[in-house]
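# Structural overview for review
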Amino acid sequence: MRNGEDCGGTVKEMGFRPRSEAFIRAISVHLPETVVTNLQLQEENADWDMAKIEAKVGIKARHVAPPEVTAGDLAYFAARSLFESSDVDRNSIDFLLFCTQSPDYFLPATACILQDRLRLGTHCAALDFNQGCSGYVYGLRLAESLVAAGNAKRVLFLTGETYSKYIHSRDRSVRVLFGDGATATLIDDTGPGARILAGCLGSDGSGAENLIVRSGGMRSRRSSGEVPIETGQHESVGQLETLFMDGQELFQFTLRRIPPLVEATAKLNNVALEEVDWFVFHQANVFMNEHIRRKLKIPQEKAPIVLEDVGNTVSNTIPIAIHRLGDQFRPGQKLMLVGFGVGYSWGACMLEWQPIHRA
Amino acid sequence: MNSDELLGLIAEGLEADISTISMETQISDVPDWTSLVWLSIMSLLDERYGIQLSAKEIRSFKTVRDAVECVTAKIAAVR
């Protein structure tokens, strides 16, 4: 069986168990100050039924970075508050991972710039990787692998996203959903903190066209102008350099892929679904998250949704949720983190909770 | 399962009274029939019948009848 062909496949082929221990010790969050509320969107777009949209997607406001502020800036602020609120030695970081789909430059890697700005040691490796809603789980698996292989003792894993810069102001399908933000997570081989348990990752690029920014890269460096975007009925227009989303295709992908992923991840960790104390799903929107939750027969209180005031912040949603819900988690409880979306790509892993530093 | 049941499900997704739609309704004539409505319909179909519609299929539907016929065939295939 090909990995990712069917997440219900045998556990051995599906995922990997850590060979040694890695722990999440701290998480910090930074959101840009500017907030765009549904009221503002309604005033700007008389033809949008914001009340109906809000009832469906459960988002009332989203933070948006100003034009001069990049994902790298947001990630810098998140990391800075982690260092300033703790006694973590900047020189102890030996790997910097930065997950973004809106990097500051084509080159160099934003992670290299952040190494310098954050005054990390020059022994610190720096790497950008391009993933979206699955990015946090991808990053945790990468960090855990680096630590387990002895290639790093302490990893600073940043997520930062400014999708707002890709969004056409009249494209309702994405403008109502996405928000900007950044997070910083510290992972090391000693703890104390939440232990990273087994998980699985996957990808299916046949869905690439369904959530995409078509131009800007080398395939098509410049937009050829404004083109209508047709995503079912009554959608607004967009340009080639703006974010395009086919919500129906993404919903179908999620329905097909995520329940087997969740079941396989539980199996990989030798627990029944009922034994998982908390499910921290990528916070896509209330409609999507609730559908998945009901499909998996997970009680509502085990799968909280915390996106009302921030929207879908792409790779930031899971760390933001952990940051917000940390007080409710009890030592020893089992969490499952589940990310899915653009790529397509997906990933899930479990954590054994112990309190972490939050800034 | 009959076509009235599916009409009811579509009306539920549309958040409209069932009397406002019929098999002959042209989908493009209903201003409230946004992509969000299709997501609701997809969700209801998945929950009640375990069947899924693709975006391509949805784009091909002109009338309510097109949608009902496609769904009916899918439900028959899984039973």
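So, here is what we can say about the structure in this document. (Residues numbered from 1 in each chain as written. Chains lettered and ligands numbered in written order. Predicted model: local features only at pLDDT ≥ 70, side-chain atom pairs only at ≥ 80, totals over all residues.)

### Structural notes on the overall build of chain B
Heads up, the rule is: Secondary structure is summarised from DSSP: a helix means a run of H or I of at least four residues, a strand means a run of E of at least two, and numbering begins at the N terminus for each. Each residue is classed by its C-beta neighbour count within 10 Å, where at least 20 other C-beta atoms makes it buried, 12 or fewer makes it exposed, and intermediate counts make it partly exposed; the C-beta atoms are placed from backbone geometry. Residues are treated as contacting if the C-beta atoms built from their backbones sit within 7 Å of each other.
Within chain B, the secondary structure is distributed over four helices and zero strands. Each helix and strand of chain B, placed in order from N terminus to C terminus, yields the pattern α-α-α-α. Its C-alpha atoms put chain B at 35 × 25 × 20 Å along the principal axes. Counting across all 79 residues of chain B, residues that qualify as buried make up 30%. If you take every contact in chain B between residues at least 6 apart in sequence, the share linking residues at least 24 apart comes to 60%.

### Focus on the interface of chain A and chain B
Cut-off, in case you're wondering: Residues are sorted three ways: Asp, Glu, Lys and Arg are charged, Ala, Val, Leu, Ile, Met, Phe, Trp, Tyr, Cys and Pro are nonpolar, and all the rest, Gly among them, are polar.
Taken residue by residue, the interface counts 18 residues in chain A and 16 residues in chain B. Looking at the side of chain A that touches chain B, the elements with two or more residues in it are helix H3 (50–57), helix H8 (247–268) and helix H9 (286–295) of chain A. Broken down by element, the residue count for the side of chain A that touches chain B peaks at six residues, all from H8(A). Split into classes, the residues belonging to the side of chain A that touches chain B amount to four nonpolar, nine polar and five charged.

### Side note on unusual backbone geometry
With the exception of glycine, most residues fall at negative phi, and the peptide bonds are largely trans. Residue and element names in this part refer to chain A. For the bond running from Gly 191 to Pro 192, omega is 0°, close enough to zero to count as cis. Take Pro 192: it is sitting in the loop between strand S7 (181–188) and strand S8 (194–203). Between Gly 343 and the following residue, Tyr 344, the backbone shows a cis peptide bond with an omega angle of -10°. We note that Arg 119 has phi near 55°; this positive angle belongs to a residue other than glycine. Structurally, Arg 119 can be placed in the loop between helix H5 (110–117) and strand S5 (125–129). Exposure remark for Arg 119: the 10 C-beta atoms within 10 Å place this residue in the exposed category. One non-glycine residue with positive phi stands out, namely Asn 270, at about 55°. Its place among the elements puts Asn 270 in the loop between H8 and strand S13 (278–281). Exposure remark for Asn 270: the 11 C-beta atoms within 10 Å place this residue in the exposed category.

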